[in-house]
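Now for the letters of each chain:
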Amino acid sequence: MAKEKILVTGGAGYIGSHTVVELAEAGYEPVIVDNFSNSEERVLDGIAAILGRSIPCHHIDCTDAAALRGVFEQEQNIAGVIHFAAYKAVGESVEQPLKYYHNNVGSLVTLLQVMEAFKVYNLVFSSSCTVYGIPEQLPVTEQTPVQKANSPYGNTKKVCEEILTDLANSGNSSTKSIALRYFNPIGAHPTAKIGELPLGVPSNLVPFITQTAAGIREQLTIFGNDYDTADGTNVRDYVHVVDLAKAHVAAVERMLQGKVKDIEFFNVGTGRGNTVLEAVQAFERATGVKLNYKIGPRRAGDVPKIYADVTKATEVLGFKTSSTLEEAMKSAWDWQLSLQKDK
């Protein structure tokens, strides 16, 4: 018997597409909503190739209440929603804050209003470790103070968490939510059918690594090597995107079992910090490809080091990551090679 229907906004994006696959493989019936502003239609072909069937997709914008209502009318019996749809480039958010507030905050408010109208009360929200700012203590737990955001993008995640908390505390909403605070998603599906597809120049480390290795970019710049870390480069908690996708399935299961009282927060990471140089070396070991990289000046807004305490996710959500940094890097390279083949 098929499990419940789960609406996935931004389901053609990087994390969204991997989550759609994991939901389907866990027996759920995912339905994608995406405006394709930061993704490509061919992602749907990749998902279909992995699953052996296509997944329904509604090409709409989540800030459009009428269009969203139309999806809920058409897709009867939605049991829950995973909300990924958001802009996510830190630099762009500094230059165009209104674009980010309209889309990231506006889409959540619109979605919550439509969900309530259709009596859909289960939401998994895509949040970020950016809400912790520059933490005073490591690793960060869910009780680590949320700090002033370093960018409008980071602030939209913080504001969205506040909206969900206010809704939970209002006393007149039945909505239950889980906010997953991701650390640094990397890698691609082991089939190399879907992966990270940055439009234009990548703002994330791993696509820049793979594009440099493939000769698309001349050189990788590592921003700063004078931080207070083992080798002077930034420390991040790199989590394989397939592991991250599985955390969403665990969150959906927890919600549908009625275990969430109002709102819950979970860190999703490996619980380990790796420097940028360690990530580069892991790529070289996993692929046998030497990278052309140089050290550049620090980048404004970069947090020196952050990684997760994953005790709560392990004990309460029943979730832990299983992939190594090398495995994630190898999958990212396989995905890059498959993109080259398609050209």
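Preceding this section is the structure that the text describes.
Reference entry: report on the structure contained in this document. Along every chain, residues carry numbers that run from 1 in the direction the sequence is written. Restriction of local features to residues with pLDDT of at least 70 applies here, the model being predicted, together with a cutoff of 80 or more for giving and counting side-chain atom pairs; totals for whole chains, interfaces and linings are based on all residues. Values reported for side chains reflect all heavy atoms of the structure, with hydrogen atoms and water molecules removed beforehand.

1. A few points about empty space enclosed by the protein
Here is step 1 of the chain: Of the two site types, the cavity is a set of points on a 1 Å grid over the protein atoms alone where a 1.4 Å probe fits but cannot get out, and the pocket is an open set with protein on both sides within 12 Å along at least five of seven lines, each lined by residues with an atom within 4 Å of a point. Grid points are joined across faces, edges and corners, and a volume is the space filled by probe spheres set on the points. Using the criterion set out here, one finds two cavities of 30 Å³ or more in the structure.
Here is step 2 of the chain: Taken as a whole, the largest cavity holds about 50 Å³ of empty space.
Here is step 3 of the chain: Y238, V239, H240, T270, R272, N274, S323, T324, L325 and A328 are the residues that line the largest cavity.
Here is step 4 of the chain: By the criteria applied, helices consist of DSSP H or I runs no shorter than four residues and strands consist of E runs no shorter than two, each listed in order from the N terminus. The set of elements that each furnish at least two residues to the lining of the largest cavity consists of β10 (238-240) and α11 (325-342).
Here is step 5 of the chain: Among the elements that take part in the lining of the largest cavity, β10 stands out by supplying three residues, more than any other.
Here is step 6 of the chain: Side-chain classes are defined by residue name, with Ala, Val, Leu, Ile, Met, Phe, Trp, Tyr, Cys and Pro counting as nonpolar, Asp, Glu, Lys and Arg as charged, and the others, Gly among them, as polar. Class assignment for the residues of the lining of the largest cavity results in four nonpolar, five polar and one charged.
Here is step 7 of the chain: Looking at the second largest cavity, its volume works out to about 40 Å³.

2. Details of the environment of R217
Here is step 1 of the chain: Looking at the element boundaries, R217 is found in the loop between α7 (205-213) and β8 (220-223).
Here is step 2 of the chain: Separated by 42 residues in the primary sequence, R217 and T175 have C-alpha atoms spaced 46 Å apart.
Here is step 3 of the chain: Whenever a nitrogen or oxygen atom comes within 3.5 Å of another N or O atom, the pair is scored as a polar contact, on the condition that within protein one atom can donate a hydrogen and the other can accept it, and that pairs from neighbouring residues in sequence are kept only if both atoms are in side chains. A polar contact is formed between the side chain of R217 and the side chain of Q211, at a distance of 2.8 Å.

3. Observations regarding helix α5 (residues 97-117)
Here is step 1 of the chain: Over its 21 residues, α5 runs 29 Å from end to end, which matches the ideal 30 Å to within 8%, given 1.5 Å per residue.
Here is step 2 of the chain: Every buried residue of α5 is accounted for by Y100, N103, N104, V105, S107, L108, T110, L111, L112, V114 and M115.
Here is step 3 of the chain: Contacts: residue pairs with any heavy atoms within 4.5 Å of one another. The elements touched by buried residues of α5 are β1 (5-9), α3 (65-74), β4 (78-83), α4 (90-95), β5 (122-128) and α6 (152-169).
Here is step 4 of the chain: Once α5 finishes, K119 follows within two positions and takes phi at roughly 55 degrees, a positive value. Expected helix span is given by 1.5 Å per residue-to-residue step, counting one fewer step than there are residues. The classification of residues rests on relative accessible area computed with a 1.4 Å probe and restricted to protein chains. Under 20% of the type maximum is buried, over 50% is exposed, and intermediate values are partly exposed.

4. Description of the sheet that holds strand β2 (residues 29-33)
Here is step 1 of the chain: Pairs of strands are assigned from DSSP output, requiring at least two bridges between the strands. In spatial order, the strands read β3-β2-β1-β4-β5-β6-β11; together these seven strands make up an open sheet with parallel pairing. At either margin of the open sheet sits one strand with a lone partner, and together these are β3 (57-58) and β11 (263-268).
Here is step 2 of the chain: Bridge count between β5 and strand β6 (residues 176-182): seven bridges; the pairing is parallel. When the bridges of β6 are listed, F125 appears paired with A179.
Here is step 3 of the chain: Comment: axis = line fitted to C-alpha atoms, over the contacting stretch for helices; angle = value between 0 and 180 degrees taken between N-to-C directions. Here helix α8 (residues 241-256) sits on the sheet in contact with β1, β4, β5, β6 and β11, set at roughly 160 degrees to β6.

5. Considering the pairing of β6
Here is step 1 of the chain: Across the seven residues that make up β6, a large majority, six, are buried.
Here is step 2 of the chain: We call a crossover right-handed when, viewed with both strands directed away from the observer, the connection leading from the first strand over the helix to the second proceeds clockwise. Where the polypeptide runs from β5 across α6 and back to β6, its parallel neighbour, the crossover connection is right-handed.
Here is step 3 of the chain: Of the strand pairs in this sheet, β6 and β11 are connected by six bridges, and their pairing is parallel. Considered in β11, the bridge of Y182 is made with V268.

6. A short note on the packing of aromatic side chains
Here is step 1 of the chain: Between rings of Phe, Tyr and Trp, where Trp is taken as its six-membered ring, a pair exists when centres lie within 6.5 Å; planes separated by under 30 degrees are stacked, by over 60 edge-to-face, and by other angles tilted. Applying the stated criterion across every chain yields a total of three aromatic pairs.
Here is step 2 of the chain: Aromatic pair Y87 and Y100: ring centres 5.5 Å apart, planes at 55 degrees, arrangement tilted. A residue pair is termed long-range when its members are at least 10 positions apart, and Y87 in the loop between β4 and α4 and Y100 in helix α5 qualify at 13 residues. An identical accessibility class is assigned to Y87 and Y100; each is buried.
Here is step 3 of the chain: Considering the side-chain rings of F283 and W333, the 5.6 Å spacing of their centres and the 85 degrees angle between planes classify their relative orientation as edge-to-face. You can see F283 sitting in helix α9 (residues 276-287) and its partner W333 sitting in helix α11, a full 50 residues away along the chain.
Here is step 4 of the chain: For a ring to carry a charge above it, either NZ of a lysine or CZ of an arginine must fall within 6 Å of the ring centroid while also lying within 35 degrees of the normal to the ring plane. Against the face of Y227 rests R298, its NZ or CZ located 3.9 Å from the ring centre.

7. Digging into the environment of E218
Here is step 1 of the chain: Note on placement: E218 falls in the loop between α7 and β8.
Here is step 2 of the chain: Judged by relative accessible area, E218 falls into the exposed class, the value being 73%.
Here is step 3 of the chain: Considered as a pair, E218 and G301 are 83 residues apart in the sequence and their alpha carbons are 25 Å apart.
Here is step 4 of the chain: Look past the residues within four positions of E218 in its chain and what remains in contact with it is T212 and N292.

8. Points about the nonpolar core
A general trend in soluble globular proteins is that nonpolar side chains are found buried together.
Here is step 1 of the chain: Within the largest apolar cluster, 44 residues are counted, with the highest numbers of intra-cluster contacts made by I6, L23, I47 and L180.
Here is step 2 of the chain: Apart from the residues lying within four places of it in its own chain, the contact partners of L180 are V124, F125, S126, S127, S128, A247, H248, A251, F266, V268 and L317.
Here is step 3 of the chain: For our purposes a nonpolar core is just a set of buried Ala, Val, Leu, Ile, Met, Phe, Trp, Tyr and Cys residues, chained together by side-chain atoms within 4.5 Å. Formed by 26 residues, the second largest nonpolar core is a distinct cluster that contains V81, V114, V120 and C160.

9. Brief notes about the packing of helix α1 (residues 14-25) against helix α2 (residues 42-51)
Here is step 1 of the chain: Two elements in contact, α1 and α2, have axes whose closest approach is 10 Å; the angle formed by their N-to-C orientations is 25 degrees. Looking at the two axes, α1 sits roughly parallel to α2. Considering the relative orientation of α1 and α2, their crossing is right-handed. Contacts between α1 and α2 involve S17, V20, V21, A24 and E25 from the first element and V43, I47, I50 and L51 from the second.
Here is step 2 of the chain: Here the contact of α1 with α2 is built from residues that sort into seven nonpolar, one polar and one charged. We call two directions roughly parallel when the angle between them is under 35 degrees, roughly antiparallel when it is over 145, roughly perpendicular when it lies between 65 and 115, and oblique otherwise. Crossing handedness follows the turn of the near helix against the far one: under a right angle anticlockwise gives a left-handed crossing, and clockwise gives a right-handed one.

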